[in-house]
2 protein chains.
Amino acid sequence: MKEKLIEQSILLFEKQGFNATSIQDIVKKLNVTKGTFYYYFTSKEQLLMEIHDDYITNLLDRQLKIISRSSLSQKEKLIEIIRLLIIDIQDHGSSARVFFRELRHLSEGNVAAIKKVRREFLENVKNVVQEGINQGEFTNTLRGDMVAFGVVGITNWSYNWFNPDGDVTPEELARIYYQMILHGILNE
Amino acid sequence: MKEKLIEQSILLFEKQGFNATSIQDIVKKLNVTKGTFYYYFTSKEQLLMEIHDDYITNLLDRQLKIISRSSLSQKEKLIEIIRLLIIDIQDHGSSARVFFRELRHLSEGNVAAIKKVRREFLENVKNVVQEGINQGEFTNTLRGDMVAFGVVGITNWSYNWFNPDGDVTPEELARIYYQMILHGILNE
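Just so we're clear, the structure is a prediction, and the values are computed from it rather than from any experiment.

Rules of the game
- Residues numbered from 1 in each chain as written.
- Chains lettered and ligands numbered in written order.
- Predicted model: local features only at pLDDT ≥ 70, side-chain atom pairs only at ≥ 80, totals over all residues.
- Heavy atoms only, no water.
- Helix = DSSP H or I, 4+ residues; strand = E, 2+ residues; numbered from the N terminus.
- Expected span 1.5 Å × (residues − 1).
- Buried < 20%, exposed > 50% of the residue type's maximum accessible area, 1.4 Å probe, protein only.
- Contact = heavy atoms within 4.5 Å.
- Axes fitted to C-alpha atoms, helices over the stretch in contact; angles between N-to-C directions.
- Parallel < 35°, antiparallel > 145°, perpendicular 65-115°, else oblique.
- Left-handed = near helix turned anticlockwise from the far one by under 90°.
- Nonpolar A, V, L, I, M, F, W, Y, C, P; charged D, E, K, R; others polar.
- UniProt positions renumbered as here; feature names shortened; annotations may be inferred.

1. What about helix α8 (residues 170-183) of chain B?
For α8(B), built from 14 residues, the straight-helix expectation of 20 Å at 1.5 Å per residue is met to within 8% by its first-to-last C-alpha distance of 20 Å. Of the positions making up α8(B), those classed as buried are P170(B), L173(B), A174(B), I176(B), Y177(B), Y178(B), M180(B), I181(B) and L182(B). Taken together, the buried residues of α8(B) touch α7 (144-161) and α8 (170-183) of chain A together with α5 (74-102) and α7 (144-161) of chain B. Following α8(B) by one or two positions, G184(B) has its phi on the positive side, about 80°.

Okay, here's the thing in structure tokens:
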């Protein structure tokens, strides 16, 4: 039931926003009582925190697995991180959109906790890029930190528009983006 | 006074969100009455619409000026569009953040009107990229429409994190991003 409450909330928060969704809206969809909700969560805010925490912790765990593979070059690590983020849209697109839009509805302490994990994710991308620059895999004419923001920008923005069931598959979109980032779009 | 009301609202909407900001909050900051507000706007929603409309129409006008310069190659047009978006953060960063976050608080008709202008902006980027592919300036191994979303993703995301008063200037960030998009980051 806890999973169902979370799933239903993500759909409602995505559609109507966190503020406009009441606990009553959530439990009504599942034909349960508010008592059921309060058995699992102390408040709507705590539920939102759980959605945020699940989402970002899952991505960070999978990113850490990629980074720890010492057989991969920095280029290969970057490709895998881009694939992770784009292909995840298919499975967790709604969670991601709620994550990006509703952060400010968390309490200050919770925002700080989530931002810490987000920063860690971004720092890992920066480190991969910087390591690639240091090792001569990537050009040293661009700042590693700014490039990392660019990579995260392309992938994060995709949650706003990409339809994984459309005529471009997530695998294909990931390929387009890592080729664009690695080789650029000029016909050279 | 109208301009002051708009400016103050943008700051408050950015800080506390549209929902949590009352007309009373806005007029109190300027030491005027609600009557003053209603002299210029019929509602808080109409004011938000004006913020959105000013923001996107201004960007579209400037984009159209770039596109209509027939002496520019598609590569040069793309560079100018990236510069337009990044350098605009310095002047209109708050408007942009309100624009991205608060769209859903507009009425359906207003959302449709704004989305139409956004789509036009995006279509223009797609056309520049596709024209560049057709003319052999850009590689034909990537889909023009997906590349356009990537370009817009990098630049739009910058509004979330870029501090134009930090140690990277807007001009420098624009250069990093158009070089990354045109040439890629590989050390080739």
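2. A short note on helix α6 (residues 108-134) of chain A
Given 3.6 residues per helical turn, the α-helix brings residues three or four places apart onto the same face. All names here are of chain A. The terminal C-alpha atoms of α6, which comprises 27 residues, lie 37 Å apart, in line with the 39 Å expected from a rise of 1.5 Å per residue. Buried-residue contacts for α6 involve α4 (44-67), α5 (74-102) and α7. Count one or two residues on from α6 and you reach G136, which has phi positive near 85°.

3. A look at the packing of α7(A) against α8(A)
All names here are of chain A. One way to put it is that α7 packs onto α8 with a least axis distance of 11 Å and a crossing angle of 150°. With respect to their mutual orientation, α7 and α8 come out roughly antiparallel. Crossing geometry of α7 relative to α8 is assigned as right-handed. Of α8, the residues touching α7 (which contributes V151, I154, S158 and W161) are L173, Y177, M180 and I181. Here the residues of the contact of α7 with α8 sort into seven nonpolar, one polar and no charged.

4. So, the UniProt feature "domain: HTH tetR-type" (unreviewed entry) in chain A
Residues annotated by UniProt as "domain: HTH tetR-type" (unreviewed entry) correspond here to residues 1-59 of chain A. Across residues 1-59 of chain A one finds 78% helix and 0% strand; the C-alpha atoms that close the span lie 24 Å apart.

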